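Residues per chain, in single letters:
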Amino acid sequence: MNIVILGPQGSGKGTQAEKLAKKFEAEHIDMGKFLREVALLETPLGKEIHEIVNIKKELVSDRILREVIHLKLLGLPREQGIVFDGVPRSIDQLGYFEEAIKESGRKIDKVISINLSKEESIKRISKRRVCEKCKKVFILGKDIQSAGEKCHAYRQAGNECGGKIIQRIDDSEEGVKKRLGIFKEETMPIVEYYKKEGKLAEINGDQEIEKVFEDILEKIW
Ligand SMILES: [Zn+2]
């Protein structure tokens, strides 16, 4: 089974993608993560992606995305199920994506759209903090109790990171609103496309992680 998972910031899409991949012994393709991995390679494509993603801090072009998807799909047996997370991100990418899927002899079976209100998304993301030093993510009120706490990653190993915990500008209310705007504009047409194809499963993301997962399983079964 090949699944695409879509959802705004804070919807828990990555967590659900991971759980699905585990359940179905599928490959979880986290496109952002995969791009960062390819960017580490000393190949022309790797260098090009490094330049765009790490230096210019821009989104990769459709051509690069297409090459990367092909690369990934080539390395997987045809019968291997896949959970796609973070791709396609726009209507332009959708065309390349569907083409690459088809060329590899696969098809998308289900598309899961995790819905979350703008208010809830802002509420969740605004609690997100990150260690300046090791980049570990903490949730205020859950992992840390006050903004002044120092990073306690690696405590188990006997030494502590001790880095300063900060809020990224992207995670501020304004930052989240901006990203939600981009999501709505670019990803909603994809949701509409798959709805017409009869492949869309809409899920209420404003629930506990386990309940969201149960709902997903119920809809894709
Ligand atoms: Zn740290």
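That block above? That's the structure.
**Describing the sheet that holds strand β4 (residues 110-115)**
Reasoning step 1: Taken together, the five strands give an open sheet; going across it, the order is β2-β3-β1-β4-β8, and neighbouring strands pair in parallel fashion. Two strands bound the open sheet, and with one partner strand each, they are β2 (27-30) and β8 (200-204). Neighbour-to-neighbour, the strand axes of this sheet turn through a mean angle of 20 degrees, independent of strand direction.
Reasoning step 2: Alignment of strand β1 (residues 2-6) against β4, held across four bridges, turns out to be parallel.

**Focus: helix α1 (residues 13-23)**
Reasoning step 1: Buried within α1 are the following residues: Gln16, Ala17, Leu20 and Ala21. Here the buried residues of α1 occupy an arc of 135 degrees about the axis, which is enough to place them on one side. Facing away from the buried side of α1, by more than 90 degrees, are the exposed residues Glu18 and Lys22.
Reasoning step 2: Once α1 finishes, Glu25 follows within two positions and takes phi at roughly 50 degrees, a positive value.

**Quick notes on the layout of surface pockets**
In this approach a probe as big as a water molecule rolls over the atoms, and the regions it shows empty are the leftover space.
Reasoning step 1: By volume, the second largest pocket amounts to about 260 Å³.
Reasoning step 2: Breaking the lining of the second largest pocket down by element, the ones donating at least two residues are β4, α6 (118-125) and α7 (173-196).
Reasoning step 3: Of all the elements, α7 adds the most residues to the lining of the second largest pocket, at six residues.
Reasoning step 4: Taken together, the residues of the lining of the second largest pocket break down into six nonpolar, five polar and three charged.

**Quick word on the packing of α1 against helix α8 (residues 209-220)**
Reasoning step 1: Following both chains from N to C, one finds α1 and α8 inclined at 55 degrees, their axes separated by 10 Å at the closest point. If you check the angle between α1 and α8, you find them oblique. Relative to α8, the crossing made by α1 is right-handed. Listed contacts from α8 to Thr15, Gln16, Lys19, Leu20 and Lys23 of α1 are Ile209, Glu210, Val212, Phe213, Ile216, Leu217 and Ile220.
Reasoning step 2: Across the contact of α1 with α8, the residue classes break down as seven nonpolar, two polar and three charged.

**A closer look at the sheet that holds strand β7 (residues 165-166)**
Reasoning step 1: An order of β6-β5-β7 is seen for the three strands of this open sheet, with the pairing classed as antiparallel. The open sheet terminates on both sides in strands that have one partner only, identified here as β6 (137-139) and β7.

**Remarks on the coordination of the zinc ion**
Reasoning step 1: For the zinc ion, the full set of protein donor atoms is Cys131 (SG), Cys134 (SG), Cys151 (SG) and Cys161 (SG), at a range of 2.2 to 2.3 Å.
Reasoning step 2: Bound by four donor atoms, the zinc ion shows angles of 106 to 117 degrees at the metal and therefore tetrahedral coordination geometry.
Reasoning step 3: In primary-sequence terms, the residues that donate to the zinc ion follow C-x2-C-x16-C-x9-C.
Reasoning step 4: Since its relative accessible area comes to 1%, Cys131 is described here as buried.

**Quick notes on the packing of aromatic side chains**
Reasoning step 1: Scanning the model with the defined rule gives two aromatic pairs in all.
Reasoning step 2: Aromatic pair Tyr193 and Tyr194: ring centres 5.0 Å apart, planes at 80 degrees, arrangement edge-to-face.
Reasoning step 3: A cation over an aromatic ring shows up here: Lys19 above the ring of Phe213, its NZ or CZ 4.9 Å from the ring centre.
Reasoning step 4: The ring of Phe138 carries the charged tip of Lys136 above its face, separated from the ring centre by 5.6 Å.

Cut-offs and rules
- Residues numbered from 1 in each chain as written.
- Predicted model: local features only at pLDDT ≥ 70, side-chain atom pairs only at ≥ 80, totals over all residues.
- Heavy atoms only, no water.
- Pairing = 2+ DSSP bridges.
- Helix = DSSP H or I, 4+ residues; strand = E, 2+ residues; numbered from the N terminus.
- Axes fitted to C-alpha atoms, helices over the stretch in contact; angles between N-to-C directions.
- Buried < 20%, exposed > 50% of the residue type's maximum accessible area, 1.4 Å probe, protein only.
- Arc of directions from axis to C-beta.
- 1 Å grid on protein atoms, 1.4 Å probe; cavity = no way out; pocket = protein on both sides within 12 Å on 5 of 7 lines; lining within 4 Å.
- Points joined across faces, edges and corners; volume = space filled by probe spheres on them.
- Nonpolar A, V, L, I, M, F, W, Y, C, P; charged D, E, K, R; others polar.
- Parallel < 35°, antiparallel > 145°, perpendicular 65-115°, else oblique.
- Left-handed = near helix turned anticlockwise from the far one by under 90°.
- Contact = heavy atoms within 4.5 Å.
- Donors = N, O, S within 2.8 Å, 3.2 Å for Na, K, Ca; no water.
- Tetrahedral: all angles 85-135°; square planar, octahedral: opposite > 155°, others 65-115°.
- Phe/Tyr/Trp six-rings, centres within 6.5 Å; stacked < 30°, edge-to-face > 60°.
- Lys NZ or Arg CZ within 6 Å of the ring centre and 35° of its normal.

Structural measurements only, silent on function.
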